[in-house]
Number of protein chains: 2
Amino acid sequence: MKRRLLLVSNSTLHGSGYLDHCEHNISHFFGKDVKRVLFVPYALHNRDAYTKTARDKFKTLGYEVDSIHKAADPVDAVRKAEAIFIGGGNTFRLLKSLYDNKVVTEIRRRVLEVRPLSAHLPAPNVATISINTTNDMPIVYPPSFSAIGLVPFNINPHYLDPDPNSRHMGETREQRITQYHEEPDTPCVLGLREGSMLLVEGNKATLLGTTKARLFTRGKSSVEYDPGSDLSVLLTDAQ
Amino acid sequence: MKRRLLLVSNSTLHGSGYLDHCEHNISHFFGKDVKRVLFVPYALHNRDAYTKTARDKFKTLGYEVDSIHKAADPVDAVRKAEAIFIGGGNTFRLLKSLYDNKVVTEIRRRVLEVRPLSAHLPAPNVATISINTTNDMPIVYPPSFSAIGLVPFNINPHYLDPDPNSRHMGETREQRITQYHEEPDTPCVLGLREGSMLLVEGNKATLLGTTKARLFTRGKSSVEYDPGSDLSVLLTDAQ
């Protein structure tokens, strides 16, 4: 399998600009062969403004950006893309738009099959099995929670540790993931803290960035992984 | 319209026990005529344990509890109930189970039509138009986000003000509700902070509890309301 994915917990880190914290990773990931990147702005309401933000940032890294929302045929745009960048925002809106524009299957085919497409995803939930472990508000109803399925596990982005001083009684992130694992046949969930990302190349997965990640497996204790850890085990069918 | 609803932001307030912060409101709401309350434990995985928690608490207030998950015919249980209490937990799981057990229509009929049923809801999202403004993780896929529709607006429970000291880059609650209102034809959203609740009697709505609530209307500035405020405007069709 030739897939190449960079799954990023968050687009902006506190105190820095849009994609600043991962710009070196982006340059290294797309490399010098890629000239143009297909941007998917579906997760935010103002797609023109979002495209401008992405275009300005990618220009500083040496890449041109074409937005899928300006393409006459979105499926054809995916078919012809050198590389794809799916922007973060509201996961429900993003997934619904991916289905509405009928590009879910084509993105999966391009990333997983012949002539692979490098995919950079600050919206990592849509790359996984399902969006069941997003933190976003369900502002629209997608036709399914099944996502593009580029990897056989789920992600909880912006993962947060419990705040011992909090007086708020909403569930902690760990409690929410535990609730998910109370449901039958639920896959592993990788809690990606802000500042961390997962690089997937074929059947190898490596944790990058500056923060640890926490892996939740149904019926087992959760495990912490340091940046640099090999997480290829997540890509095996046994997960 | 005879509906009587007590929509509660949260079941447990920091530093107190289950339903302690609203027990006087519950006693006043159900009154002395009600003897038995039908409990809906669908929002948590362990329904037996949840029922025991609710039963023990309601016993101290003088009410017997029957759980709908032990009823041979859930629709008939709703039809015959004197009063209903829908427990909080995961809103997606709750709404899916309400649909799976085919009780959505019967609860709506009983609350809104003849021989009204008093409904106490620490799971206020399911009483509204839709669950689009829940904070919960979408751990299961319900057949719709449309809820029971006992009131013509939506609620964001456990409403949180932005933390000026936070370094976390996830959206604030206000940003999430704003994203919801970017979608067309979206109704008002009442942000119920922990400690607040809304009493609905016919076409009158009153904010109860100890904290303010914040009302978000599409295309307008949000407005704060003190405990005791009349919020009947939320029940008019113009909303």
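Here's what I pulled together on the structure shown here. (Residues numbered from 1 in each chain as written. Chains lettered and ligands numbered in written order. Predicted model: local features only at pLDDT ≥ 70, side-chain atom pairs only at ≥ 80, totals over all residues. Heavy atoms only, no water.)

## Quick notes on the sheet that holds strand E11 (residues 223-225) of chain B
All names here are of chain B. Keep this limit in mind: One requirement defines pairing of two strands: DSSP has to find at least two bridges between them. Helix numbers and strand numbers start at the N terminus; a helix is a DSSP run of H or I with at least 4 residues, a strand a run of E with at least 2. Axis geometry follows a simple rule: fit a line to the C-alpha atoms, using only the stretch in contact for helices, then measure angles between N-to-C directions, giving values from 0 to 180 degrees.
With mixed pairing, four strands are arranged side by side in an open sheet as E6-E7-E10-E11. Of all the strands in the sheet, just strand E6 (154-159) and E11 have a single pairing partner and so form its edges. Between one strand axis and the next, the sheet turns through 25° on average, direction left out of account. The pairing of strand E7 (residues 189-193) with strand E10 (residues 213-216) spans four bridges and is classified as antiparallel. Paired with Leu 190 across the two strands is Leu 215, which belongs to E10.

## Some words on the environment of Phe 58 of chain A
Residues and elements named next belong to chain A. Quick note on the threshold: Any two residues whose heavy atoms approach within 4.5 Å are treated as being in contact.
Mapped onto the elements, Phe 58 comes out in helix H2 (residues 47-60). Put simply, Phe 58 and Val 37 are 21 residues apart on the chain and 8.6 Å apart in space, counted from C-alpha to C-alpha. Non-local contacts of Phe 58, meaning those with residues more than four positions away in its chain, are made with Leu 19, Ile 26, Phe 30, Val 37, Tyr 63, Val 65, Phe 85 and His 120.

## Points about the relation of the copies chain B and chain A
The operation linking the two copies of the chain is a rotation about an axis combined with a translation along the axis. The criterion, for reference: Only residues with pLDDT of at least 70 in both copies contribute their C-alpha atoms to the least-squares superposition of the copies.
The transform that puts chain B on chain A rotates by 180° and translates by 0.0 Å along the axis, for an RMSD of 0.0 Å. What the rotation and shift describe, once combined, is the action of a two-fold rotation axis. Both copies contact each other with a shared surface, as 100% of the interface residues of chain B are interface residues in chain A too.

## A look at unusual backbone geometry
A negative phi angle characterises most non-glycine residues, just as the trans form characterises most peptide bonds. The condition that has to hold: Classification of residues uses two cut-offs on accessible area relative to the type maximum, computed with a 1.4 Å probe and protein chains only: under 20% is buried, over 50% is exposed, and between them is partly exposed.
For Leu 19 of chain A, which is not glycine, the phi dihedral falls at a positive 65°. With respect to the secondary-structure elements, Leu 19 of chain A resides in the loop between strand E1 (4-8) and helix H1 (23-30). Despite not being glycine, Lys 102 of chain B shows a phi value in the positive range, around 60°. The residue Lys 102 of chain B is located in the loop between helix H4 (91-100) and helix H5 (104-112) in this model. In this structure Lys 102 of chain B comes out as exposed when scored by relative accessible area, which is 63%.

## Re the environment of Thr 60 of chain B
Just so we agree on the cut-off: The term polar contact refers here to a pair of N or O atoms within 3.5 Å; inside protein, the definition further demands a hydrogen-donor-capable atom paired with an acceptor-capable atom, and it admits residues adjacent in sequence only when both atoms are side-chain atoms.
Following the sequence through the fold, Thr 60 of chain B ends up in helix H2 (residues 47-60). Engagement of the side chain of Thr 60 of chain B in a polar contact is seen with the backbone oxygen of Lys 57 of chain B, the distance being 2.5 Å.

## Some thoughts on the sheet that holds strand E7 (residues 189-193) of chain A
Residue and element names in this part refer to chain A. Strand order in the open sheet formed by four strands is E6-E7-E10-E11, and the pairing between neighbours is mixed. Every interior strand has two partners, whereas the edge strands, strand E6 (154-159) and strand E11 (223-225), have only one. Strand after strand, the sheet turns through a mean of 25° between neighbouring axes, direction not considered. As paired strands, strand E10 (residues 213-216) and E11 are joined by three bridges and run antiparallel to one another. When the bridges of E11 are listed, Leu 215 appears paired with Val 223. Against the sheet, helix H6 (residues 173-182) engages E6, E7 and E10, with an angle of about 165° to E6.

## Brief notes about the nonpolar core
Test applied: For our purposes a nonpolar core is just a set of buried Ala, Val, Leu, Ile, Met, Phe, Trp, Tyr and Cys residues, chained together by side-chain atoms within 4.5 Å.
With 110 residues, the main nonpolar core has Leu 98 of chain A together with Leu 98 of chain B as its most contacted residues. Ignoring sequence-local partners within four residues, the contact set of Leu 98 of chain B consists of Val 40, Tyr 42, Val 103, Val 104, Ile 107, Val 126 and Ile 148 of chain B.

## Brief notes about the pattern of salt bridges
All names here are of chain B. Basically, it comes down to this: Each reported salt bridge corresponds to a side-chain nitrogen of Lys or Arg within 4 Å of a carboxyl oxygen of Asp or Glu.
Throughout the structure, instances matching the rule amount to 38 salt bridges over all chains. Here Arg 109 ties to Glu 106 by a salt bridge, and the two come within 2.8 Å at their closest N and O atoms. With Arg 109 and Glu 106 both in helix H5, this residue pair falls three residues apart, about one helical turn. Judged by relative accessible area, which is 29%, Arg 109 ranks as partly exposed. What makes Glu 106 buried here is its relative accessible area of 8%. A salt bridge links Arg 214 to Glu 224; its shortest N-O distance comes to 2.5 Å. In this pair, Arg 214 is assigned in strand E10 and Glu 224 in strand E11, connecting sequence segments 10 residues apart.

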